Amino acid sequence: MTRLNSWVASANSADIDFPLNNLPYGVFSTTTLEARCGVAIGDMILDMAEAEAQGLVALTDDPLFQAPYWNDLMEQGPAVWTALRNRLMALLAEGSDARAQLEPLLTPMTDATLHMPFVVSEYTDFYAGRHRATNVGTMFRGPENALPPNWLHMPIGYNGRASSVVVSGTDVRRPWGQLKSPDHDAPAFLPSRRFDMELEMGAIVGTSSEGPLSVDAADAAIFGYVLLNDWSARDIQAWEYQPLGPFQAKATATSISPWIVTKAALEPFRVDTPPRDVPLLAHLKDTGPMLYDINLTVTLAPLGQPASTITQTNYREMYYSAAQQLAHHATSGCPMNAGDLLGSGTISGTTKPERGSLLELSWGGKEPLTLATGETRTFLEDGDTVTMTGEARGDGYRIGFGPCTGTILPALDDPFTT
Ligand code: MN
């Protein structure tokens, strides 16, 4: 696939996140415009509310783009998703005769504030990266029993909190929680000392369902993808997780990148999941390439200092695709809704610089990593900024997501003491 050129000149570059091939969906506001739907093109945002008001993107009888979220479009289903993408491609392509009408509807990204691009219906997070599960299992159970016995048969997940999903740029407050150090008999209520990030992709369900889904049906139901940071308090998690899994450790915040990159934009980058150790049961079997070749990078910048790259890996390292996760999610008859967010699970590659969390990078805090500034880290310090970026590389273009970033604020004073 080669780059498609636009009359928006900044889009015609190999090094911009938003060429015509991408056209991701976000929500933006400016000093004069209320929050509304927008489409990224080059270094500009197309005002979809105004484009719709002018009849340029009329796809349905009811308006779809006046509200500050993309859920209304999701609910229209794949045929309308495709119609919109085709329409936007035609409007923004080099030589389009709509240029004069559209130019006044473009806002420079530098003038815009980005908001949550959709209303999160529910949020589920998985544990579907093999290298990740092997690293964590080796730390906690030893190399012999690194993978739990169910792991090669299903994507392990838990139900998270939609209420704590925030858009990139939102600060994240270090949480308090119940911790128990191995040196003490009793737990204590303290600020987390092992606050961490998790590099993930988020898949957004676009089509609601009320019964089991095949892997193909699940793939068809996915609307798009974002980068996702599943902030995690390891010390809270270590004490609370048995026997029902993570709870407060994961409930502080989950950050997502601001632009929904559509499944259509990622189509040229589909890749197979890795070879299977044991065959999957029929309802989870791969039916085609359903992962994506997306390079992922994480940087960490201490307060007021330059950023250091701490992780570089690729989404294709996952063992299970989002389609398999969604299919598994629906096996029980669990209703799935437009706007459901599925976290892939931490993405780690095979080698140390490819690990997607500080837990793995510092091997449980035992091997501090050294940043380019000379500082060391085991877990996150107050003032640290973590930034995730992702790109799929085409011929002369890239599909980017915009950064997923967040800065750690110090814990509150004891929340139960006045
Ligand atoms: Mn996670």
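Residues numbered from 1 in each chain as written. Predicted model: local features only at pLDDT ≥ 70, side-chain atom pairs only at ≥ 80, totals over all residues. Heavy atoms only, no water.

A word on the domain arrangement of the chain
The assigned domain composition of the chain is domain 1 (9–115) and domain 2 (123–409). Inter-centroid distance (C-alpha atoms) of domain 1 to domain 2 is 29 Å. Between domain 1 and domain 2, the residue contacts involve 27 residues of the former and 26 residues of the latter. Buried area between domain 1 and domain 2, summed over both chains or domains, comes out near 2100 Å², and the portion from carbon and sulfur atoms is 63%. Considering only the side of domain 1, the residues that lose the most area to domain 2 are Tyr 25, Met 74 and Trp 81, jointly responsible for 27% of the buried surface there. (Domains from an automatic or database assignment. Contact = heavy atoms within 4.5 Å. Buried area = accessible area lost by both parts, 1.4 Å probe.)

Considering helix H9 (residues 322–330)
Here H9 lies mainly inside the structure; eight of its nine residues are buried. The set of residues buried in H9 consists of Ala 322, Ala 323, Gln 324, Gln 325, Leu 326, Ala 327, His 329 and Ala 330. Here the buried face of H9 lies against strand S6 (123–127), strand S7 (156–159), strand S13 (199–205), helix H6 (215–221), strand S14 (222–230) and strand S22 (341–343). (Buried < 20%, exposed > 50% of the residue type's maximum accessible area, 1.4 Å probe, protein only. Helix = DSSP H or I, 4+ residues; strand = E, 2+ residues; numbered from the N terminus.)

Examining the layout of surface pockets
A water-sized probe, rolled over the atoms, reveals where empty space remains. In this model, the largest pocket occupies a volume close to 1200 Å³. Forming the boundary of the largest pocket are 42 residues, of which Phe 140, Arg 234, Gln 237, Ala 238 and Tyr 241 lie nearest the centre. Among the elements of the structure, S6, helix H5 (130–141), S7, strand S11 (188–191) and helix H7 (234–240) are those that each provide at least two residues to the lining of the largest pocket. Here the residues of the lining of the largest pocket sort into 21 nonpolar, nine polar and twelve charged. (1 Å grid on protein atoms, 1.4 Å probe; cavity = no way out; pocket = protein on both sides within 12 Å on 5 of 7 lines; lining within 4 Å. Points joined across faces, edges and corners; volume = space filled by probe spheres on them. Nonpolar A, V, L, I, M, F, W, Y, C, P; charged D, E, K, R; others polar.)

Overview of the packing of aromatic side chains
Applying the stated criterion across every chain, the model contains 14 aromatic pairs. Ring geometry for Trp 151 against Tyr 320: centres 5.7 Å apart, planes inclined by 55°, an arrangement best described as tilted. With Trp 151 in the loop between H5 and S7 and Tyr 320 in the loop between strand S21 (308–314) and H9, the pair connects residues that are 169 residues apart, well separated along the chain. In this pair, the class of Trp 151 matches that of Tyr 320, namely buried. Connected via pairs of aromatic rings, a cluster forms that spans Tyr 25, Phe 65, Trp 70, Trp 81 and Phe 223. The aromatic ring of Tyr 319 is capped on one face by Arg 276, whose charged end is 4.4 Å from the ring centroid. (Phe/Tyr/Trp six-rings, centres within 6.5 Å; stacked < 30°, edge-to-face > 60°. Lys NZ or Arg CZ within 6 Å of the ring centre and 35° of its normal.)

Comments concerning unusual backbone geometry
In most cases, non-glycine residues show a negative phi, while peptide bonds are predominantly trans. With omega at 5°, the peptide bond leading from Gln 242 into Pro 243 counts as cis. Inspection of the secondary structure puts Pro 243 in the loop between H7 and strand S16 (254–256). Despite not being glycine, Leu 23 shows a phi value in the positive range, around 55°. Inspection of the secondary structure assignment puts Leu 23 in the segment before strand S1 (25–29). On the basis of relative accessible area, Leu 23 is assigned to the buried category, the value being 1%. Even without being a glycine, Trp 363 presents a positive backbone phi close to 45°.

Some thoughts on H5
Helix length check: H5 (twelve residues) gives 15 Å between terminal C-alpha atoms against 16 Å at 1.5 Å per residue, within 8%. Those residues of H5 not exposed but buried are Arg 132, Ala 133, Asn 135, Val 136, Gly 137 and Met 139. The inward-facing, buried residues of H5 contact S6, H7 and helix H10 (358–361). One or two positions beyond H5, positive phi appears at Gly 142, with a value near 95°. (Expected span 1.5 Å × (residues − 1).)

A look at the coordination of the manganese ion
Protein coordination of the manganese ion is provided by Asp 125 (OD), Glu 198 (OE), Glu 200 (OE) and Asp 230 (OD), with donor distances spanning 2.1 to 2.2 Å. Sequence positions of the residues that donate to the manganese ion give the spacing D-x72-E-x1-E-x29-D. One end of the pair, Asp 125, is in strand S6; the other, Asp 230, is in strand S14, with 105 residues separating them in the sequence. What makes Asp 230 buried here is its relative accessible area of 0%. (Donors = N, O, S within 2.8 Å, 3.2 Å for Na, K, Ca; no water.)

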